[in-house]
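Coordinates in review
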Amino acid sequence: MSFLSLVVKNPFRNKTRSALAIVGIAIGIMVIVALGMVTGGLKSSTQSTLKAGAAEITALQTGSNSFGSGGTLNESLVNDLLSTNGVKDTAGILRATNTSSSASSLGSNSSQSSFGPGGSISITGIDSGKLSLVGIDNVNGSAFNNGSTDEIIIGKTFAQDQNLTVGNTINLYGKDFKITGTFETGSFITDAGIYMPLSTLQNLTSNDNKISAILVKVTDNANVTTVSQNIESSYPNQLTTTTAEATAGRINQGLGFIDTASWAISLLAIFIGAVGVINTMIMSVYERTREIGVLKAVGWTDKRILGMILGESIVLTLIAFVVGTIIAVVGVEILLTYSPSVSGIIKPSFALDIFARAFLVAFLVGVIGGLYPAYRASRLSPTEALRYE
Amino acid sequence: MNNTENVIEIKNLKKSYDHGNIKALNGIDLTVKKGEFISIMGPSGAGKSTLLNMIGALDTADEGIIKVAGIDLMKTKKLNQFRSQEIGFVFQMHNLIPNLSVIENVEIPMYETNANSSEMRERALELLKSVNLEKKIEQKPTKLSGGERQRVAIARALVNHPSIILADEPTGSLDSKTGEVILNLLKELHTQENVTLVMVTHEPYVGNMAERLVTVLDGKCKTDEKLR
Ligand SMILES: Nc1ncnc2c1ncn2[C@@H]1O[C@H](COP(=O)(O)OP(=O)(O)OP(=O)(O)O)[C@@H](O)[C@H]1O
Ligand SMILES: [Mg+2]
């Protein structure tokens with residue numbers, strides 16, 4: 001039998017005690033992994049709103065809320081803005097919401113939609129040629145025709161949530177719309193929405209020639225901040241700009257907080273886990289005092305005894321890592337499967353660094369928790385250990 | 001005296017415990033020839049176990065001379081290497097590791113050698129055959145009788161080809177019939193493997209099976225007689 005198999009075998013001698021230590025550490029690992037998967041997913045979602053091709057600047061009516069809904073701006077501004085220095089392209093969008101009561105007849109799914117805050121669906125009107133400015137580069141199927149009055153495309157999350165696909169129809173504002181395509185941008189907000197021709201939405205919501213926001217794409221060499229300041233100074237008291245970067249920055253700041261919290265939890269887990277492991281391993285060494293005396297009598301070096309106890313401690317925490325990770329992954333998946341409203345917002349991340357971090361935590365707990373008991377075992381006097389009853 | 005012939009040389013060896021209040025060894029002298037089988041007897045507390053522990057380098061003496069297998073134990077720093085290569089212990093209690101199988105227990109001392117897993121297994125099996133336990137190699141020690149456990153302990157003691165077997169009351173926890181089997185086995189293997197055997201015992205009939213009988217009293221050698 002190799003030394004390694006001996007080390008792996010030993011923690012199973014006292015199964016209850018080892019299991020308790022493993023459960024304690026596994027809970028910590030589970031929290032670290034689950035939080036990491038969720039925040040990681042949110043991060044990549046905000047990151048994808050910053051992707052190339054999409055508009056860098058959103059201009060809104062000064063004084064309107066940050067999301068911008070309803071027709072608050074005159075459509076003519078869309079062309080006016082093109083003459084501003086550094087602006088490459090612009091698109092006017094109209095945002096509207098349709099409540100779930102009228103959307104309950106949606107799709108083939110008989111269950112009541114619980115989608116989005118307050119059960120409302122976000123509908124955006126945009127020129128089909130400008131879809132790339134909201135980050136929609138590829139449409140699965142085809143985009144709507146600008147002149148049509150009954151064509152829409154829908155985001156992947158919305159499609160999955162409502163069990164809809166290309167060719168289905170859904171009822172909005174009392175009218176049937178045909179789904180000509182679906183898309184996926186990676187942004188959880190965009191992917192949960194419906195897009196249709198601007199003029200159609202303007203008609204339906206009585207917002208003729210009115211838009212909610214203007215999306216601005218800057219020229220390749222232009223500085224986004226400079227361009228957005230140019231726009232604001234050209235239209236004082238009329239347009240207020242936000243940059244995608246700033247928005248993402250704000251979201252990331254919030255996520256950064258969760259990140260810090262998750263590190264704090266990791267540290268706490270290391271601490272609590274290490275205390276548990278120290279306790280478990282000291283008990284184990286104490287019980288095996290005579291045995292350690294025998295190992296010394298047959299010629300084992302102090303280093304080997306230290307290595308054995310330390311190894312056993314690391315084996316415990318690595319089992320906890322595996323158990324905790326599996327529970328976290330399965331738990332997050334179950335949560336998403338049985339709660340579509342959550343799955344619309346969260347796409348869990350399986351990034352390697354999340355698991356690497358949890359592994360590091362587990363390993364550190366093993367080393368820190370095992371070091372002292374291992375040292376004690378290695379320093380036992382052989383005669384004292386052999387006399388131990 | 002020929003040094004190569006004497007595997008143990010002890011002169012005026014002293015060891016005290018409890019800040020000098022207990023003189024466990026009080027100037028003991030003992031010389032053992034290579035391949036000899038000697039038994040050590042004496043009343044409880046006389047220092048017999050302490051003497052064995054000194055020979056096996058489980059503890060260090062306070063003063064005196066102790067050379068075992070050519071190594072000066074008062075000077076060497078590599079005590080574990082010495083124990084691993086030169087000494088095999090058999091204790092009164094078998095001291096086997098309960099979660100390991102019989103053969104794994106016998107392999108334990110070989111981790112400090114260069115042997116790989118299959119060499120370890122091969123050697124352990126060889127010894128378990130010579131103690132008639134080849135049918136129980138995968139058993140856990142808890143399933144064995146006292147005599148069988150002690151046979152495993154003997155196999156473990158011999159596995160690294162030691163020059164000396166130190167047995168501290170190896171039959172102490174066995175009934176006399178089983179004790180006799182163990183004793184005969186030790187005697188047989190000592191001849192077969194050409195290893196020196198030093199055995200502590202309380203029972204005169206056991207002590208009388210040796211080639212030489214040393215009695216210890218108050219940390220000193222009292223008598224030393226050749227039996228055969
Ligand atoms: N580690 C120790 N600490 C303190 N005292 C000890 C220690 N080891 C041995 N002694 C003392 O040294 C003396 C000799 O002990 P030792 O164990 O060598 O006796 P023994 O001859 O083997 O006795 P027994 O036949 O009962 O086994 C005893 O008085 C014992 O109490
Ligand atoms: Mg004794």
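For clarity, every value in this text was computed on a predicted model and none was experimentally measured.

1. Considering the overall build of chain B
Secondary structure summary: chain B contains seven helices and 10 strands in total. The globule rule puts the C-alpha radius of gyration for 228 residues at 17 Å, and the 17 Å found for chain B is close to it. Dimensions along the principal axes, computed over C-alpha positions, put chain B at roughly 45 × 40 × 35 Å. The buried share among the 228 residues of chain B stands at 54%. In chain B, once contacts between residues fewer than 6 apart in sequence are set aside, the share between residues at least 24 apart is 68%. Of the accessible surface of chain B, which amounts to about 10300 Å², a share of 47% is contributed by carbon and sulfur atoms. In chain B, which carries 29 positive and 30 negative side-chain charges, the distance between the mean positions of the two groups comes to 1 Å.

2. Some words on the overall build of chain A
Check the secondary structure of chain A and you find 13 helices and 12 strands. Considering only contacts within chain A whose residues lie at least 6 apart along the sequence, 81% involve residues at least 24 apart. By element, 59% of the accessible surface of chain A is carried by carbon and sulfur atoms, the whole surface being about 17700 Å².

3. Overview of the site of ligand 1
Close to ligand 1 lie 15 residues; Arg387 of chain A together with Ser44, Lys48, Ser49 and Thr50 of chain B are nearest. At the site occupied by ligand 1, nearby residues are drawn from chains A and B. Interatomic distance of 3.0 Å between a backbone N/O atom of Gly47 of chain B and an oxygen atom of ligand 1. At 2.7 Å, a side-chain N or O of Lys48 of chain B approaches an oxygen atom of ligand 1. Its free accessible area being 630 Å², ligand 1 has 74% of it covered by the protein chains. Secondary structure elements with two or more residues in the shell around ligand 1: α13 (382-387) of chain A together with β2 (22-33) and α1 (48-55) of chain B. Counting residues per element, the shell around ligand 1 draws most heavily on α1 of chain B, which supplies three residues. Taken together, the residues that form the shell around ligand 1 break down as five nonpolar, six polar and four charged.

4. Some words on the pairing of strand β11 (residues 213-218) of chain A
Where a strand is regular, its side chains alternate between the two sheet faces. All names here are of chain A. Counting buried positions along β11 gives six out of six residues, so the element sits mostly inside the fold. Of the pairings in the sheet, the one linking strand β1 (residues 57-61) to β11 comprises four bridges and is antiparallel in character. Paired with Ile57 across the bridge in β11 is Val216.

5. Here we look at the interface of chain B and chain A
If you look at the interface, chain B gives 23 residues, while chain A gives 21 residues. Around 2100 Å² of area is buried between chain B and chain A when both sides are counted, 56% of it from carbon and sulfur atoms. At the boundary of chain B with chain A, the tally comes to two salt bridges. Across the contact surface, chain B and chain A share 12 residue pairs in polar contact (both at pLDDT 80 or more).

6. Here's the deal with the nonpolar core
Ranked by internal contacts, the top residues of the largest apolar core, which has 114 residues, are Trp300 of chain A together with Ile8, Ile10, Val68, Ile108, Leu128 and Ile154 of chain B. At 12 residues, the largest contribution of residues to this core is made by helix α10 (residues 302-338) of chain A. Ranked by size, the runner-up nonpolar core spans 33 residues in total, among them Ile121, Val224, Val227 and Ile231 of chain A.

7. Re a nonpolar patch on the surface
A grouping of Val322, Ile326, Val330, Ile334 and Tyr338 of chain A is seen on the molecular surface, where their side chains present a nonpolar patch of about 520 Å² in accessible area. Relative to the elements of secondary structure, Ile326 of chain A occurs in helix α10.

8. With respect to the pairing of strand β6 (residues 151-155) of chain A
All names here are of chain A. The buried fraction of β6 is high, at five of five residues. The sheet contact formed by β6 and strand β8 (residues 175-183) spans five bridges and is parallel. Looking at β8, one finds that Ile153 is bridged to Gly181. In this sheet, strand β9 (residues 194-196) lies alongside β6 in antiparallel orientation, the contact comprising two bridges. For Ile153, the partnering residue across the bridge sits in β9 and is Tyr195.

9. A few points about the sheet that holds strand β10 (residues 220-226) of chain B
Picture the strands of a sheet paired through backbone hydrogen bonds; they go either parallel or antiparallel. All names here are of chain B. If you walk across this open sheet you meet the six strands as β6-β7-β8-β3-β9-β10, and the pairing is mixed. Pairing within the sheet leaves two strands with one partner each, and these edge strands are β6 (87-90) and β10. Across this sheet, the average inter-strand angle for adjacent strands is 20°, counted without regard to direction. The sheet contact formed by strand β9 (residues 212-217) and β10 spans six bridges and is antiparallel. Within β10, the position partnered with Thr215 by the bridge is Thr223. Here helix α6 (residues 176-192) sits on the sheet and contacts β3 (37-41), β7 (164-168) and β8 (196-200); the angle it forms with β8, its principal contact strand, is near 155°.

10. Points about the domain arrangement of chain A
Looking at the assigned domains, one finds that chain A contains domain 1 (3-48 + 251-387) and domain 2 (63-236). Of note, the centres of domain 1 of chain A and domain 2 of chain A, computed from C-alpha atoms alone, are 47 Å apart.

11. Quick word on the packing of aromatic side chains
Counting across every chain of the model gives eight aromatic pairs over all chains. Centre to centre, the rings of Phe89 of chain B and Phe91 of chain B are 5.4 Å apart; their planes meet at 5°, and the pair counts as stacked. As far as the burial class goes, Phe89 of chain B and Phe91 of chain B line up, both buried. Joined through ring pairs, the aromatic side chains of Phe3 and Trp300 of chain A together with Tyr111 of chain B make up one cluster. The positively charged end of Lys175 of chain A is found above the aromatic ring belonging to Phe177 of chain A, 5.6 Å away from the centroid. When the ring centre of Trp300 of chain A is taken as origin, the NZ or CZ atom of Arg304 of chain A, which lies over that ring, is 5.9 Å away.

12. Considerations on unusual backbone geometry
Although it is not a glycine, Ser206 of chain A adopts a positive phi angle of roughly 55°. Tracing the backbone shows Ser206 of chain A in the loop between α6 (198-204) and β10 (210-211).

The rules behind the values
- Residues numbered from 1 in each chain as written.
- Chains lettered and ligands numbered in written order.
- Predicted model: local features only at pLDDT ≥ 70, side-chain atom pairs only at ≥ 80, totals over all residues.
- Heavy atoms only, no water.
- Helix = DSSP H or I, 4+ residues; strand = E, 2+ residues; numbered from the N terminus.
- Rg over C-alpha atoms; globule rule 2.2 N^0.38 Å.
- Buried < 20%, exposed > 50% of the residue type's maximum accessible area, 1.4 Å probe, protein only.
- Contact = heavy atoms within 4.5 Å.
- Areas by Shrake-Rupley, 256 points an atom, 1.4 Å probe, with all protein chains shown as cover.
- Lys, Arg positive; Asp, Glu negative; His and termini not counted.
- Charge placed at Lys NZ, Arg CZ, Asp CG, Glu CD.
- Near = heavy atom within 4 Å.
- Polar contact = N/O pair within 3.5 Å; in protein donor to acceptor, adjacent residues only side chain to side chain.
- Nonpolar A, V, L, I, M, F, W, Y, C, P; charged D, E, K, R; others polar.
- Pairing = 2+ DSSP bridges.
- Buried area = accessible area lost by both parts, 1.4 Å probe.
- Salt bridge = Lys/Arg side-chain N within 4 Å of Asp/Glu carboxyl O.
- Core = buried A, V, L, I, M, F, W, Y, C linked by side-chain atoms within 4.5 Å.
- Patch = residues over 30% accessible without salt bridge, like charges linked within 9 Å, V, L, I, M, F, W, Y side chains within 5 Å.
- Axes fitted to C-alpha atoms, helices over the stretch in contact; angles between N-to-C directions.
- Domains from an automatic or database assignment.
- Phe/Tyr/Trp six-rings, centres within 6.5 Å; stacked < 30°, edge-to-face > 60°.
- Lys NZ or Arg CZ within 6 Å of the ring centre and 35° of its normal.

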